[in-house]
Amino acid sequence: MIIQALSGFPIGGRGLKPALLIPCVQLDPKTGPEPEFQVSLRALQRQGLISTSGLSDQKDLIRYGSALVQKFDTDPTIPGVHLVQDNKDVRLNFKVNYSQLASEVVRITTHKPASFWQCSALVTLLPHQNVVVEYSSPNIAKPFHVGHLRSTIIGNFIANLHVALGHNVTRINYLGDWGTQFGILKYGYDARNMTEKDLEDDAIKKLYEVYVWANQKAELDPSVSSKAREIFNEMEQGNISELKAWEVFRNVSIKDLKRMYARLNVNFDEFHGESMYNAQKCQEVLNLMEEKGLLEALDDGRKVYEVNPKRRVTVVKSDGSSIYLSRDIAGAIDRQEKYKFTKMYYVVDNSQTDHFVALFSILRKLGFEWADSMMHVKFGRIQGMSTRKGTAIFLQDILDEAQEIMLQKQQETHTTRDDVRLSGAETADRVATSCILIADLKQRRQRDYVFSWDKALQSRGDTGVKLQYVHCRLASLEKNCGIEFNSQANTSFLREESALSLIQDIARFDEILVNSYQELEPCILVNYLFKLCGNINMSLKHMQVKGAPLEVAEARLSLFMAARYTLAAGMNILGVKPLDQM
């Protein structure tokens, strides 16, 4: 109704298409006893939907907005429109029929709990994308280092979000599975007379110990390094014996990684690796660059590419070998041929910014127009994430300790109504992992942050415990309230102020997802869920289901079910699997 009204206005000398206006209409979170939608005149102006002629200052916008208000015809669905202004903006606020809003929000959410937001015009207007997300990218034959944690969980969020919004998504884990370090590892493997049978238990631990041992030997004995280079050269030349051992290392590594990813509720469609882009593939890239005149030979034998007048990057080393930049060029070309992506995200920390600037620049100069659809999703680093003793920086140790702390909290917790109750090691692990994920995802993506065990795992405050606890409260309510869900419940009984707040929160879910999508910021969704949990708790306090008159109870239950579906949807997009019991 708002769109129809606005699209009929002669804004800028013409009527506006509804598709242009829909993203500008938002639920106003600051309204009082009755819900209101708002349209920012500044936003319309920034997007060229309002002519800037004659609207140079705030007074002009107020005068313009007042004229629009006078033209608006109210009806029972939209009983009023008025102007709201502050120092930065002038907005049209539309009062809406609360009963109709409550009915539609609850009905749509409970009818399609796993996809209710997809019927929103905000979501359906998003152009469909064929998306590839590269994230995590640990090294094989080594324990999962916490340095890869942020890429893993931010990349998983981005992939989940795009799937939730209806895009086609391919999730790729680009493993560090090639290089001279595998010559070192194979030297140690052979020197200790190891076989594949030795890797049936604790494979990664054993391979890492062998690698550390061989590396120490190489530091003391140059002949070890020389032998390792020979072994890796044999691998590059296709030596079957050497490649067979490497394949064993890779397979046991992926098996171990999948176990770790299962704890994090993370999954991938494909495991790729640097090994896919060997010397021949890299040479094909170099030939393309030579043909385009993009390489400059230096006196020391290196070949470089000029990113800009102040910066050149090495593409070929002085000994003629390629570097990982050429492998990434080959990888990008290969992925475009295979997936025909319209969006490609590399989820890698801030320190690699220069690398991706060079990569995208080279691809553009090679004439690939799709290079403009590639994006480096940057993030800051975690500081201080280790076990409490500070002795390990491997993720398994971090997760194991978090689980242990959660179990300890269970034993120490007093029996009070609001305290978090855990039910076994598996649940403790899920809650602990939720805490670590949320402690990270609530941060602004590009900022470094200091990890705190106490803050991440506390039972109260804005943590993963809060999200899980509120979800469990709602699941318990549905199970124990004594009535059945009625899809035709009369939502006009939802007159409490807390009910209004909750309905408005649920109604904003599509806006939050689209905003998160536009910014690629998980903290937008996390902070929304914290606020939603606060309103759920307030509503549970003031709106009893058990013992209330049947029609009132049915209306309240339907609202709480809509709230739980919304909370669960948000948690799943973040990569946090909701619990029904703690």
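Not measured: the values here are computed from a predicted model.

**A few points about the pairing of strand β4 (residues 90-95)**
Consideration 1: With 5 of its 6 residues buried, β4 lies for the most part within the structure.
Consideration 2: Relative to β4, strand β2 (residues 36-40) is paired through 5 bridges, and the arrangement is antiparallel. When the sheet's bridge partners are listed, Q38 is paired in β4 with N93.
Consideration 3: Alignment of strand β3 (residues 80-85) against β4, held across 6 bridges, turns out to be antiparallel. Residue pairing across strands places Q85 opposite V90, the latter belonging to β4.
Consideration 4: If you look at the hairpin formed by β3 and β4, you'll find 4 residues sitting between the two strands.

**What to know about the sheet that holds β4**
Neighbouring strands of a sheet are bound in pairs by backbone hydrogen bonds; such pairs are parallel or else antiparallel.
Consideration 1: Spatial ordering of the open sheet is given by β1-β2-β4-β3, a layout of 4 strands whose pairing is antiparallel. Every interior strand has two partners, whereas the edge strands, β1 (25-27) and β3, have only one. Put simply, the sheet's adjacent strands are angled 30° from each other on average, direction ignored.
Consideration 2: In this fold helix α4 (residues 58-71) packs onto β3 and β4, with an angle of close to 175° to the strand it touches most, β3.

**Section: unusual backbone geometry**
Consideration 1: Located in the positive-phi region is S137, a residue other than glycine, with phi close to 50°.
Consideration 2: Mapped onto the elements of the fold, S137 is located in the loop between β5 (130-134) and α7 (149-164).
Consideration 3: Of note in the backbone geometry, D202 takes a positive phi value of approximately 50° without being a glycine.
Consideration 4: By the element assignment, D202 lies in the loop between α8 (181-191) and α9 (203-220).

**As for the sheet that holds strand β7 (residues 270-273)**
Consideration 1: Reading across the sheet, the 5 strands line up as β7-β6-β5-β11-β12 and stay open at both edges, with parallel pairing between neighbours. Looking along the sheet, the strands with just one partner apiece sit at the ends: β7 and β12 (374-377). Neighbour to neighbour, the strand axes of the sheet diverge by 25° on average, direction disregarded.
Consideration 2: Sheet analysis places strand β6 (residues 168-175) next to β7, joined by 4 bridges and oriented parallel. Following the sheet pairing, L175 is matched in β7 by G273.
Consideration 3: Of the strands in this sheet, β5, β6, β11 (343-347) and β12 are in contact with α7, which crosses β6 at around 165°.

**Side note on the packing of α7 against helix α20 (residues 509-519)**
Consideration 1: Direction vectors running N to C along α7 and α20 enclose 130°, while the axes themselves pass 10 Å from each other. When the interaxial angle is binned, α7 and α20 end up oblique. Along this stretch, α7 crosses α20, giving a crossing that reads as left-handed. Every residue of α20 that contacts α7 at F157, L161 and H162 is listed here: L513, S516 and Y517.
Consideration 2: When its residues are assigned to classes, the contact of α7 with α20 shows 4 nonpolar, 2 polar and no charged.

**Focus on the side chain of T152**
Consideration 1: Within the secondary structure, T152 sits in helix α7.
Consideration 2: A distance of 2.7 Å separates the side chain of T152 from the backbone oxygen of H148, its partner in a polar contact.
Consideration 3: Not counting the four nearest positions on each side in its chain, T152 is found in contact with Y135, S136, F144, Y261, L264 and V266.

**Examining the packing of aromatic side chains**
Consideration 1: With the rule as written, the count across this model stands at 19 aromatic pairs.
Consideration 2: Here the aromatic rings of F72 and F94 are separated by 5.2 Å at their centres, their planes lie at 65°, and the arrangement is edge-to-face. Residue F72 is found in the loop between α4 and β3, and its partner F94 is found in strand β4; the two are separated by 22 residues along the sequence. The residues F72 and F94 share a single accessibility class, namely buried.
Consideration 3: On the basis of an interplanar angle of 40° and a centroid distance of 6.0 Å, the ring pair of F356 and F360 is categorised as tilted.

**Let's talk about the confidence of the model for the protein chain**
Consideration 1: Confidence along the protein chain averages 89 in pLDDT terms, with 93% of residues attaining 70 or more.
Consideration 2: Note that pLDDT drops below 50 for residues 10-14; the model gives that stretch 10 contacts with residues more than four away or on any other chain.
Consideration 3: Every residue in residues 415-419 scores below 50 in pLDDT, and together they form 8 contacts with partners more than four places removed in sequence or on other chains.

**Observations concerning the nonpolar core**
Consideration 1: Ranked by internal contacts, the top residues of the largest apolar core, which has 157 residues, are V133, I158, F509, L525, L529, L559 and L574.
Consideration 2: The greatest single-element share of this core, amounting to 14 residues, is contributed by helix α22 (residues 550-574).
Consideration 3: Once you skip the residues sitting within four places of it in the chain, L525 turns out to touch F157, F509, I512, L513, S516, G570, I573 and L574.
Consideration 4: Judged by nonpolar contacts, the second largest core, of 33 residues, contains L294, L295, Y339 and A371.

**Here's the deal with the environment of S253**
Consideration 1: By the secondary structure assignment, S253 is in helix α11 (residues 240-264).
Consideration 2: Between the C-alpha atom of S253 and that of G179, which follows or precedes it by 74 residues, the distance is 16 Å.
Consideration 3: Sequence-distant contacts of S253, that is, excluding residues within four places in its chain, are made with I140, A141 and I204.

Here is what the cut-offs are and how they apply
- Residue indices follow the written sequence of each chain, beginning from 1 at its first position.
- Residues qualify for local features only when their pLDDT is at least 70, as the model is predicted, and side-chain atom pairs are given and counted only at 80 or more; totals for whole chains, interfaces and linings, by contrast, use all residues.
- Hydrogens and water are ignored here; the side-chain numbers use all heavy atoms of the structure.
- Throughout, exposure labels follow a simple rule: accessible area from a 1.4 Å probe, protein chains only, divided by the maximum for the residue type, with under 20% read as buried, over 50% as exposed, and the rest as partly exposed.
- Every helix listed is a DSSP run of H or I at least four residues long, and every strand listed is a run of E at least two residues long, numbered separately from the N terminus.
- Should DSSP find at least two bridges between two strands, the strands are taken to pair.
- Axis geometry follows a simple rule: fit a line to the C-alpha atoms, using only the stretch in contact for helices, then measure angles between N-to-C directions, giving values from 0 to 180 degrees.
- Note on definitions: a residue-residue contact is assigned when non-hydrogen atoms from the two residues lie within 4.5 Å.
- Our angle categories are set so that under 35 degrees counts as roughly parallel, over 145 as roughly antiparallel, 65 to 115 as roughly perpendicular, and the remainder as oblique.
- By convention, the crossing between two helices is left-handed when the near helix turns anticlockwise from the far helix through less than a right angle, and right-handed when the turn is clockwise.
- In this classification, Asp, Glu, Lys and Arg are treated as charged, Ala, Val, Leu, Ile, Met, Phe, Trp, Tyr, Cys and Pro as nonpolar, and every other residue, Gly included, as polar.
- Polar contacts here mean pairs of N or O atoms no more than 3.5 Å apart (in protein, one a potential hydrogen donor and the other a potential acceptor; neighbouring residues in sequence count only if both atoms are side-chain atoms).
- Two rings from Phe, Tyr or Trp (for Trp, the six-membered ring) form a pair when their centres sit within 6.5 Å of each other. Planes less than 30 degrees apart are called stacked, planes more than 60 degrees apart edge-to-face, and all others tilted.
- Confidence scores here are pLDDT values: one per residue, from the predictor, ranging 0 to 100.
- We define the nonpolar core as a collection of buried residues of types Ala, Val, Leu, Ile, Met, Phe, Trp, Tyr and Cys that are connected through side-chain atoms lying within 4.5 Å of one another.

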